[in-house]
Structure formats: structure tokens, C-alpha cells
Amino acid sequence: MNRLTTTILLTCICAAQLAAQTKPLLTPKDYGKWETPSVPRLAPKGDWAAFVISRVSEENELRIRGGAHDTTFVVAYGLAPAFSADDKWIAYSVGIPPKERDRLLKDKKPVRNSFEARDLVTGKTFTVADISAWSFSPDGRFLSMTRYAPEGKKTSEVLVQDLSNGARLTFANVGEQAWSDGGSKLALAIETEGGVGNAVQVYDPVSGRIHVLESSPTAQYRGLAWRPKSADVAVLRSVVDKAFRDTANVLLAWHDVSGVEPVAVRLDPATMASFPAGMRIADYRRPSWSRDGRVLYFGIKKREAAPDTSKKAGEKEKVSDVEIWHPNDVRVQPQQKASEQQDLRVTLLSAYRIADGKVVQIGTDLNERSDALEGGRYATELDRKPYAWGWKFGRDDEDVWLIDLASGERKRVLEKVRHYYGPNPAGTKLAWSDGKDFWTLDVGTGARTNLTSTLTSKGKADFVDRDNDTPNNVPAIVNPAGWSKGGESFLAYDNYDVWRLALDGSGGTRLTDGARDGVTHRLINFAALNASPDERAYDLSKPIYFQLRGKKTKQSGYARRNPDGNVERLILTDAGHSTLIRADSAPVFAYIRQRYDEPWNIHMGTDVATAKTIATTNAFQKDYAWSHVELMDFKSTSGLPLQALLYYPANYDSSKKYPMIVYTYELLSQNLHDYVAPRENSYYNTTVFTQNGYFVLMPDIVFHPRQPGVSTQQSVEGAVKSVLARGLVDPARVGHVGHSMGGYEAAFLGTHSKMFATTIVGSGITDMISFAGQNHWQGGSAEFDHWETGQFRMEVAPWEDFKAMLDNSPLATVQQMPAKAILVMVGGDDGTVDPRQGSVFYNYARRAGKQVVMLLYPGEGHGLTKKENQVDYERRILQWFGHYLKGDPAAPWITDGQKQIERKALLEANK
């Protein structure tokens, strides 16, 4: 009987293993149904949730779930959902099917979304076609919808609907609109043909009253700005003067537009003697208010005289278009060119004190940042000019100037600060770090206080970011959380925990205890990014929440600190958890959970620890063979303990040895629990690799100064050796692929390491000597900061350690590269890594008689954006690895390339 039982058990086990191993593998035709959820939006009371399910096929849908009966509505191609503040409505845009969109684009016709709103009580909807933007009034009762502007026009038609009764009013020729957040009033800037109806109006949809605050047939109105939580509004009115090529503005404002006779405020530079001479109010900066309404902030610029038209065209000397590249330029010419449009819109911050009619210019340099502090009494301006040399090469120091808006006095209060964190919510303190300690400055008295010396000097706390291995003369600091409510304490992070720092310098209190078992705690801020500083401050008298992450285990989850100081771990598991979100006016929370072998699931509830699953994705995954991932500890060849991710081939058979693809960048083990949906236009897709029978290894790399390539080799070879020692992988069938910095790593390993049969270099740096002096063409900046103190970590100028340049250059040893072959991919218009980095490597290798094939995608940048190119590159990667790692027959392009005539014929045939 025991023998029979054992036989049956073994038969069942073998049958189960056979069933698991014979599940079908994915093919590209299966990818289209794979789903990815958006971060859910919660209704204010937390009784509804809305989220978009995006599919690889682009057959997307919006799901709305909740209500008394836990109802689910599905809207095909719905996107950008938002709930009304009164919790009665949800509104969203509705796109069009991808085939229809592609047809319109091919025919060069506009692609336009429609709009839909749903009553959450009755389920009834209404739809409006051709709506480009929309917004609820702050009380949720009204809705404004903006139609697409007619071709060649800047104004649009705006529809305002009363959601309680369906009444709708239409406004034509609207240039701008803005809801007040102190009630439901809509400000409108009207701009008509010929200017007859140009005006700034306020519409009160409750009373139906339209109040024309001002009108002028010769002016335009722009820059509408409501004071928070009030009925005060400001706007700019244009003033055209033919003597100048620019447009000046008058600043207009009204207090309490809900009243019968709003109190008007007017700042006209032409009639104000104290206004800075030769300057204008520019429209590039929207006006803003101090919270008490006593100060209006705006931007000014120098006036530009109209060009001299007195000379005839034939009398004018033709001017050269030469560019002068000067060594004193902190921003080199390409950088200035790249930011030209932004530079043209920069203004100097200024303040208008309404009570005494005084204008104070805050900003003095268009290249520096200025900020108004809360309270309407002070402002700051940063000054980088004394440290111009450092800013050229990644050592970013600055001075901080304080401006008294009552007296206009300017005073430099901080010198040579590397880590400046700005003011507290009350505008009474400034915070910064010197690379070790945190400090504050009292704005009123100028007193400086070291907040952490009693902690750091005694070894109780360390706020230096120890995971940052970029070399610099001032250590990197773990970016702090900010301020507690009211600004009475500063909240900082060490490598694991949150500290509440006393502003009198007496020390601090550690709010969490993550260091004990290696779990990082980071505060979750539920306020909107555009919320006021006070709204974004943390109220420690109420429960506050933390995102948790095991530094070594990669577990994640959430914790809560209660007002009594007790910290509860709500979730900490072997899964990935997105940032927690909370409903606006109810203790309802939502988050997304995932693992590599568990698709995204949305959870929601009043208790984070027991929140229920309200949506699952990719349930069909169970019908296919799937990989699993292992977190692996290893040591680099230099003895440094590191971690790596090892993904197993789908339908893994332990009796076989497999080929392996190594993918690197910098630190990747933190991605342990990321779910990876298969898709052809994601060309380094882990799931696609495992479905094609590869192990995939992603090791962490820790870099040493001046050794980016050597550090890569030490880390990666240590990881590969660890895998090979387990007998999982055929040592002769190991390949590498990487992109950008990872592309550099692929080029270096292919020319230095004997462990790789082949590597694929995606948009990578290959020549250290030319790259050091190159430009980052997309942003225009010189590469030396990236080179010395950034990602390449070379620390010093090339001539100070030329040997290090050669030791870490892929190009220097291309003639003796151990890899059988290397594939190089470049975008023809790559603005991040010059595409000539690829062509010079190709030409060197070609001269050395080495097998290096280059794929150049014309018109593409640092990453491929055209779907056809993404798919093409992904397929060629699989063909390349298939040949060099699996022994598949080589595709013709690998052995013979492609003649230009063949390429053009192929393109012509597929037009």
C-alpha cells in the first residue's frame, strides 16, 4: 500500500510538472492583450475609484468602480478621469480607436477627443464632442468645457454647464479662463476679431451674472490669477507702443469681485515714478498674490526698442551669423541655443505693495531664481555668479540674497551653499546643508542655527547619502522631507529613518526605527504638488504615513505613525507597492501591488493593512509559461558585496544549460518586484527575453572614482561567475546588452571581458577622449560635469589622469576585443550621446577587422520613438542573440548587411 501510494504521488507530481512545463510560450501575437493600470483617482469621499487600463494593443478603457452597490462602469478609450468636489460627478476625456487615429494622422487630419460626464447617483451621462480641456468648479456644481481652437486662432469657445439642472451657457472668443477657489466664479479673458469685445469678465454661474471688470478694443488681457481662498483676481492688460518691439502691460486687480462694486487696483508703469526705469511688466510670468492679498507679484524685463527701419534694404550691411564660443560662458552656446525660448520668457520677479503703492524689484539677474516668501514681507534671490567655474563642471554652489519688501534692502545671508532647501511654510526660516549638517537661518534676525551637530558629532545620525557614489568636493545629502506644519521643525532623512529636528539646535528625535532591520522609511505627502507650502507641510498631530523598503530584502509596504508617536507597520511583504494615495475628505486609501510573477492589482480600503482588491489585471497570464526572478547575493571580483536579479527562462528545465543575457545600468536590484508586460516596442524587455529561452541577469554596479569601465567589469564578471558556478548557464553562451550608460558598459565589456560571446551597444559612449569634450546636444550643456562629477565619475580633468581615460575607454582596445561580434545601435539625431560615438567605434572595428555591425535609425534620438523602429530593433536584438548565443542561422543582415538600393526599395514598397 505504501509503495502504491508513493507511485501515485510521484505520478501526480510528474504530471503536474509536465503540465507546468508544457504551457505555451508567448508569441508577439499574444502581447496585445497585456494590461497596465494607471494610478487610481479616488472620489473625495472615497466611495468611488477610477483608473485607466492601458493595453499593448492600445485598446484602452477607463474603469469606474464604487457606489452603494459596488458598480463598475467601463468606458472605451476613456482617459484623464476627475471627480467633482461634491462627490456627485465624474468627468473624463474619450479618445478614438487606434486604427481611426492612425488613419486621421495619415490623412493629416486633426485627432480630437470628446468629453463625457457621468452622474454617480443615477449613472446617466452626457457627451460633448471636440473638447480639448475641461474643469470642475471648486464646489463641484459647475463644469467648464473648452472646444478645440479653430485652425489659425488662439481663442476657443467655452461651455459652462450647471450640473444640477443641465443649463449651459456658451462664451465665444475665450483666450484664457480660470475658476476661483474661493467660491465658483469663472474669470474669462475675451479676445475678439478687431478687438471690439476684448474684455476681462467674471461669470457667477450661481446668480447668472456676468461682470465686465474692464474692456478695451486696443488691448489684450492675459495672465488671469485668483488669490487663493478669495474673490480677488488679477490680470495683465497689454499696452502696445510702436517705439518698442515688445509688448508692455498694466497690472490690474480687483478685490472682492463678488461684490457690487469691486475695489480696483492698477499698476501702470507709465504713470508710476517709482517703477524701475527702462523696464516693462512682461506677460511671460502670470501675476500671483500673497495669501493676505497685500502684495502682488509679477515679472519685469527691459524694454526693447523697435528696429531702425530708416535704411533701405540695399543700404544694410549683411551681418555674419557667426557664433562666439567664449571660455567665460557658464552655459556654452549650444546650451544657450537649446534654452533660447525659455530664456526669452524669463523675467525679473517684482512685488507691488498695494497699501503704499510701492514697487520693489526682487530679481536682478535673468539667469538666477527669485522666490517670494510666505507672509509678503521678504523674498530671496539666488546668485551663482561667484562660483561660475564650479557650475561649469558640476560643483554647484550659490549665494542666497534676502530682499526686504518694506525697505527694498538687499542682503547676502548665505554664501557658497551647495544644498539649499528654501524657506519654511511661514517664510521665517531658510534651510540648507553643508554636506554634513542641516542649518537654518532666521530671516528676521539673521541668526544661524546648526540643527544636527549634537547628532552628527556624536555619531547618532548620518545624513550623507551613502548610496551616491559620484565623486564631489561636497558630499551628497539624502534629500530631506521638508517641514512640519507651521514650520516648527525640520524633517530630514538619514539612510533609513526620519528625523524631526528642533529649530533651536538642541538636536532631534528619530521618528522611525528602520535602521534596526534595514528598512528605509520615507514620508508620503498626500497634498497636491501645486498645493501651498503650508498644505504640503506634515501635520505631526495627525497620523502620518511612510513608504517602506527593505534595503537588502527589497520588501516594500507602508507604515503609519500615530500622534502618540507609535509607528505601526501596516504592510511589509515580498512585493512591490506603489505610492499610497488617499481620498481628499475621507480616510480611504488605495495602492497598486505587483510582483514579477504577479500582475498589477489595485487595492482600496479604509484600513491600509486589510484593503481589498478592487481590480486585477492580466488574469490570462496563468495560461502561459512564465518566468520567475531570484534576488541573488554575490561579490564583485574586487570583493565588494552586491546584489543582482536573475530571471529564469519560461518553462525552465533544470536538466538543461541555457544561454544568458546580461543587462546593466547602475543599480537595478531595486526592481525585483516590477511586473514586466511583454511588448515588441519595448526592446530590452525582460519577459520577452525569458520567453525566448534566456536567463536574464541584472547585477548592481558600484563605481569607484575614475574607473567606470573597470568598476563595471569587476561587478558584472563577479555576478556572471556566481551564476556560472551554479551550473545554470552555458559559459560559452553569455551575451550583454545595455543602453546609454549601459551602452557604454556593453562596449567596455565587449572589448575587455572574455566572458561575453557578444554585446549589444545601445546609444552608448565608446570613445572616452572625444566624449569628455563633447556636448549633450539635446540640452546643449558641455559634458564635463557629467564626466567629472556625474555618471562617469572621472573626478578630474582628462590630463590629470590620462591613463584612467585609456584604461576605461572601449575604443582603446577595440583591435583586441574578445567578443565574437558587437552590435551597435544609434539614433541619427541623438541629442544625448553624439551618434558619432557609434560610427567611430564601427570604423575603428572595421579597420581592425572585427565583426561590428551598426544599426542607424535616421531621425531618432537617444531612445527610439517610432513604433516601427522600436519593433525593428527588438526583432534584430532577438535575431542577433539567437545567432550568437543559441546558434540559430544568421539573418541575412547579420552576414551580408543591406545595400542602400535594397533599403530604398523596401521603403518604397511599404509606403
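Scroll up to find the structure this text is about.
Residues numbered from 1 in each chain as written. Predicted model: local features only at pLDDT ≥ 70, side-chain atom pairs only at ≥ 80, totals over all residues. Heavy atoms only, no water.

**Q** Help me out: how do you make sense of a nonpolar patch on the surface in this one?
**A** On the surface, L169, I210 and V212 cluster together into a nonpolar patch covering about 210 Å² of accessible area. Mapped onto the elements, V212 comes out in strand β16 (residues 209–215). V212 gets classed as partly exposed once you look at its relative accessible area, which sits at 41%. (Patch = residues over 30% accessible without salt bridge, like charges linked within 9 Å, V, L, I, M, F, W, Y side chains within 5 Å. Areas by Shrake-Rupley, 256 points an atom, 1.4 Å probe, with all protein chains shown as cover. Salt bridge = Lys/Arg side-chain N within 4 Å of Asp/Glu carboxyl O. Helix = DSSP H or I, 4+ residues; strand = E, 2+ residues; numbered from the N terminus. Buried < 20%, exposed > 50% of the residue type's maximum accessible area, 1.4 Å probe, protein only.)

**Q** What's the story with unusual backbone geometry in this structure? I'm lost.
**A** Glycine aside, the phi torsion of most residues is negative, and most peptide linkages are trans. Non-glycine residue N173 carries a positive phi angle of around 60°. As for its position among the elements, N173 is in strand β13 (residues 168–179). For N173, a relative accessible area of 29% translates into the label partly exposed. Non-glycine residue N618 carries a positive phi angle of around 55°.

**Q** Mind showing me how you'd approach the environment of T155 here?
**A** Its place among the elements puts T155 in the loop between β11 (142–147) and β12 (156–162). Taking the C-alpha atoms as reference points, T155 and Y844, separated by 689 residues in sequence, lie 56 Å from one another. Ignoring anything within four residues of it in the chain, the contact list for T155 reads A149, P150, N173, V174, G175 and E191. (Contact = heavy atoms within 4.5 Å.)

**Q** How do you make sense of the sheet that holds strand β40 (residues 556–561) when you look at a structure like this?
**A** To summarise the sheet geometry, strands pair through backbone hydrogen bonds and adopt either a parallel or an antiparallel arrangement. Judged by pairing direction, the sheet is antiparallel, and its four strands sit side by side in the order β38-β39-β40-β41 without closing on themselves. Each of the sheet's edge strands pairs with one partner strand only, and the pair in question is β38 (519–523) and β41 (567–573). Shown here is a sheet whose adjacent strand axes are inclined to one another by a mean of 25°, direction ignored. As defined by bridge partners, strand β39 (residues 544–550) adjoins β40 across six bridges and the pair is classed as antiparallel. (Pairing = 2+ DSSP bridges. Axes fitted to C-alpha atoms, helices over the stretch in contact; angles between N-to-C directions.)

**Q** Would you mind showing me how to read the packing of aromatic side chains here?
**A** To describe a pair of aromatic rings, you give the distance between the ring centres and the angle between the ring planes. One pass over the structure, following the stated rule, counts 45 aromatic pairs. Consider the rings of W48 and F73, whose centres lie 6.1 Å apart with planes at 20°: the pair is stacked. Here the residue W48 occupies a position in strand β3 (residues 48–55), and F73 occupies one in strand β5 (residues 71–76), the gap between them amounting to 25 residues. A residue is classified by how much of its surface remains accessible, and W48, at 5% relative accessible area, is buried. Sitting over the face of the ring of F620, K33 holds its NZ or CZ atom 5.0 Å from the ring centroid. Across the ring face of F244, the terminal group of R303 is positioned such that the distance to the ring centre comes to 3.9 Å. (Phe/Tyr/Trp six-rings, centres within 6.5 Å; stacked < 30°, edge-to-face > 60°. Lys NZ or Arg CZ within 6 Å of the ring centre and 35° of its normal.)

**Q** Quick question: what am I supposed to make of the nonpolar core here?
**A** Side chains that are nonpolar tend, in soluble globular proteins, to be buried together. Within the largest apolar cluster, 58 residues are counted, with the highest numbers of intra-cluster contacts made by W34, Y873, W880 and F881. With near-sequence residues (within four places) excluded, W880 lies in contact with T758, T759, I760, A821, I822, L823, V853, W893 and I894. Residues F634, L646, F792 and V833 belong to the second largest nonpolar core, which totals 36 residues. (Core = buried A, V, L, I, M, F, W, Y, C linked by side-chain atoms within 4.5 Å.)

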